[in-house]
Structure formats: structure tokens, C-alpha cells
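Analysis of the macromolecular model
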Amino acid sequence: MAKQNYQSPRGTKDILPAEQPYWQKVRKTAEKTLEGLGFGRIDLPHIENVEIYTRGIGEATDIVQKEIYLIESKTEDESTKLCLRPEGTAGVVRAYIQNGMASLPQPVRLYYIGAMFRRERPQKGRFREFYQASVEIFGDESAKSDYLTIMSAWEILSRLGLKNLIVYVNSIGCPKCRPKFILKLKKFYKDKVDKLCADCQRRYEDNPLRLLDCKEEYCQTTAHAAPVMLDSLCSECKTHFQQTLEYLDYFSIKYDLDPTLVRGLDYYTQTVFEIVQKNDKGRQSTLVGGGRYNGLVELLGGPKTPAVGFSMGMERVISLMKEQNLTPWIERGVEVCILQLGEKAKEVSKKIYDAISKNDINVFFVPSDEGLRQQMKSASKLGAKFAVIIGQQEAVKDEIILRDLEGSSQEVFPAKDIAEALKTRLEK
Ligand code: HAM
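Read on for a plain summary of the structure. Being a predicted model, the structure only gives us computed values, none of them experimental.

**What to know about the overall build of the chain**
Assigned secondary structure in the chain consists of 15 helices and 15 strands. Whereas a compact globule of 428 residues would reach a radius of gyration of roughly 22 Å, the chain reaches 28 Å, over 25% beyond that. By principal-axis analysis of the C-alpha atoms, the chain measures approximately 95 × 65 × 45 Å. Relative to its full complement of 428 residues, the chain shows a buried share of 50%. Of the contacts made within the chain by residues no fewer than 6 positions apart, 71% connect residues no fewer than 24 positions apart. Carbon and sulfur atoms provide 50% of the accessible area of the chain, an area that totals close to 22300 Å².

The structure is reproduced here in C-alpha cells:
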């Protein structure tokens, strides 16, 4: 058979060991920040009933129309159509309802980290499998939770050391005030439809709000002259938005109002926001997107429940960390290698290994028949700082040689003292 040259599928990538420190840092910073802010972790299936997305995200959205990976089933008895999750919010809502979380004390604050799948055209910062760190808060309609959502994303990015960021924020109203705005919008666009791009001509019919965030030049200029949702908000939505902004001001989170920000998913109500690097004018690499979705729990069959959340694109955050020269997590790796010569030393080495590893020291030991020079080379390759050397003579005398692999000096210790000696040297 001809030799195959298998490649990872288009739009996916391997995350190799050299990349892991960045992932580790983003993951750990998100976990620590969110747990510290009272969020509980939830892990969800990567496959779900496709209906939660067609209903939840909306039939007329790009995700539902073009990007969902349906899973082909070989058996007839599967009544539900499954797909790979294109995002997490609808799945969390499904889990909130299914697990009776509405009867827990509210608000319920959840976070999750994991892969999402969208059949997008791959390009810089846009993948078909990508990772998000996200939060969702259920059961609080006050602006406090909008603030907490934005603040927790901001906090993760700040703790990572990212600079030059800005929050763009807008309110897209509620089912009471939005229909009136959409009428206004359609009136404004009525005599301009022919000049819009093909997507916008479709949006004019299916999803007029999205006329506002088209990236085509003519559509964008037109959108900037269009009526503004903030002028059409009902008094409830207006107050809610004002309060959200007051919180952001109070906590000095930098934001700009963006009346063309509507987001690409239909479930949003009131606050919508994105966090972007300031000089990313075209928003090619939005780091965080989110907003309030007060109707989604009910839409998917649960009780009326206000909710708000965000998702952070981890690949984009890592790419910006690299651009801004931010150092990743330093993993301790192998700290000590045990090198042994001869049978008697092999026996003793196992005991020494146990004594060292009990002290939270990363120690590597696999009995070897190689010579000392070869073993020493392997230890250096592993990045160990110290070698614990046990030869026949040391094994008999209950001693070990401790060699500093970086400084090349060595000392002799009674075997029983080795863990303490290493602890001092590794500053534990
Ligand atoms: P989204 O705007 O579709 O929102 O995605 C949020 C973030 O995920 C984006 O800002 C971006 O950083 C990252 N992202 C999205 N698509 C890709 C891709 N193809 N490749 C790389 N990164 C990508 C949501 O997913 C909502 N669930 C957010 C949310 C949570 N709203 C309320 N709660």
C-alpha cells in the first residue's frame, strides 16, 4: 500500500509540549480567578442535540446556517440529531434545566473551559476546533451580574499581564423595545438594500440587527449612519445599561460605547460586549465576547431565568501574550535524576527514589545498565538540576553523591539526609 502522509484536519492543530506552558498559564489563571470570584466549574459533553443550537443561537445565524458539524449516525434508533458543540452557552442552559439548578440558591455562577467546533474558513486566529474559557451567571437580572461578567474576563486578562485592551459595550434592548428599533432600522435601510453585500441583503430579511456589524466597507459606512439602539431602549433597559456602565466606571474598566455591536448569536438581550486589543480596529481578533440572554432558559424549556456570560478565545489570548512578550508558566519539570551503577545500587536507588519523591520533588529514576557518563548525558537532556549518584561503593557505605549538574560540583551525603539536602538546594 502507498505510504500515507496523514495531516491534522484543516483548521485544527496539535498543541505540542513547547506550547503547553502558555496553555497552562491561561488555564490556571482563568481557574484561579474564577474560583476566587465564586464560580463553580461545570464540564459538559462535546456532543449535544443540534436543536439546542438551532433554537438557541438562531436559524438565521452564521453558526447555524454554515458552521455546525452534524454527526452522522449509522443506527436508525437515534431520534435526536447530534452535533459537535459550536459554543457552550446553549449546552450550559440545557444542563441548568436538566439538573434542576433553578431550585438552587440563585444566582448560580458557572465556568467551563474546553474545545468548540465550527466549520469556519480557517485564517489567523480562526480555527475549526478552538478553546474557550467561559462563564455563565443564572438568576440575577441586576446590572451587578453584567458587571461581574465583564470584570471577571477583564481580571483574567489583566492577571495574564495583557495590556492595551478595551471593552466595547452596547445594549440591544429586550423583546419590548427591540421590535420598534428593528422597524426603524428597516425603514432606514429600505432604499439602500440593493447596494449592500449579498449577506446583508439576506440579513435585511432574516436578521436585520446584524446589518449593523457587517465588515464590508459600504455596509459599514451605512451602518454608522443608521439609527442607534440606545435611543430606542425602553426605560427598564436604559436604566439597566446605565447601571452597568456606572459599575464599569467605578471599577475603572476601560470601555467604549459601540452602537454597531450586536454579536452573532440571536439569544442576546440588553448588554452585549467584546474585549479587544485597542489597535485591532477591524476586530479581527476579538478576545472575549458575551452578553445577557434573559430569554434563553425559557426558550429551551426551563423557567423564566435571567442570565449573562462571556467566552474567551484561548488561542487568541495566547497569540497576544506572545506578541506582548509575556512569559508563560514555568513548569518545574524533572528536578533530580537518580543514576546508579551495579546491582546493589539498583536496590538502594528505589528506596532513595521513594524518600525524595515523598517530598514533592520531581525525581526521575529508571534502573539502567548504561555507564555513568551516558546516564549523566540523559539526565542533562531531561533538564534535571541535580543527579543523585549511587555506585557499588556508596551502596555499601549507605552514602550517595549529589552532583549539581549546572555548577558541576559534587558532595557526599549519608543516604538518609539526601531528601533534606535537595529540599534546601531546590528552595522548598
Ligand atoms: P462568540 O463570540 O461566538 O461567543 O465566541 C467568543 C470568543 O471565542 C470569540 O471572541 C473568540 O475569541 C473565540 N472564537 C470564536 N470563534 C472562534 C474560532 N473559529 N477560532 C478561534 N477563536 C474563536 C460565544 O461563543 C458565546 N457562547 C459567548 C457567551 C457566553 N455569551 C454568553 N455567554
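**Quick notes on the site of the ligand**
In the region of the ligand, 26 residues are neighbours, and E87, E120, E136, Y268 and T286 sit closest. The side chain of E87 places a nitrogen or oxygen atom 2.7 Å from a nitrogen atom of the ligand. F127 is positioned with one of its backbone polar atoms (N or O) 2.9 Å from a nitrogen atom of the ligand. Against a free-state accessible area of 660 Å², the protein chains account for coverage of 96% of the ligand.

**A closer look at the sheet that holds strand β8 (residues 269–277)**
Judged by pairing direction, the sheet is mixed, and its 8 strands sit side by side in the order β1-β4-β5-β10-β9-β8-β6-β7 without closing on themselves. Each edge of the sheet is formed by a strand with only one pairing partner; in this case those strands are β1 (40–41) and β7 (255–257). One ladder, built from 10 bridges, connects strand β4 (residues 108–117) with strand β5 (residues 129–138); its direction is antiparallel. Note on β5: the bridge partner recorded for Y112 is S134. Contacts between helix α5 (residues 143–159) and the sheet are confined to β4, β5, β6 (165–171), β8, β9 (288–292) and β10 (307–313), with β10 contributing the most and set at about 15° to the helix.

**Some remarks on a nonpolar patch on the surface**
Together, F364, V366 and L382 give the surface a local cluster of nonpolar side chains, amounting to about 250 Å² of exposed area. Counting through the fold element by element, F364 comes out in strand β12 (residues 363–364).

**So, the pairing of β6**
With 7 of 7 residues buried, β6 lies mostly within the body of the structure. A two-sided burial pattern is seen for β6, the buried positions comprising L165, V167, V169 and S171 on one face and I166, Y168 and N170 on the other. For β6 and β8, the ladder comprises 7 bridges, and the chain directions are antiparallel. Each bridged residue has a counterpart across the sheet, and for Y168 the counterpart in β8 is E274.

**Here's the deal with the environment of R159**
Here R159 shows up in helix α5. Since its relative accessible area comes to 47%, R159 is described here as partly exposed. Residues contacting R159, with those up to four places away along its chain left out, are T29, K32 and T33.

Cut-offs and rules
Residues numbered from 1 in each chain as written. Predicted model: local features only at pLDDT ≥ 70, side-chain atom pairs only at ≥ 80, totals over all residues. Heavy atoms only, no water. Helix = DSSP H or I, 4+ residues; strand = E, 2+ residues; numbered from the N terminus. Rg over C-alpha atoms; globule rule 2.2 N^0.38 Å. Buried < 20%, exposed > 50% of the residue type's maximum accessible area, 1.4 Å probe, protein only. Contact = heavy atoms within 4.5 Å. Areas by Shrake-Rupley, 256 points an atom, 1.4 Å probe, with all protein chains shown as cover. Near = heavy atom within 4 Å. Polar contact = N/O pair within 3.5 Å; in protein donor to acceptor, adjacent residues only side chain to side chain. Pairing = 2+ DSSP bridges. Axes fitted to C-alpha atoms, helices over the stretch in contact; angles between N-to-C directions. Patch = residues over 30% accessible without salt bridge, like charges linked within 9 Å, V, L, I, M, F, W, Y side chains within 5 Å. Salt bridge = Lys/Arg side-chain N within 4 Å of Asp/Glu carboxyl O.

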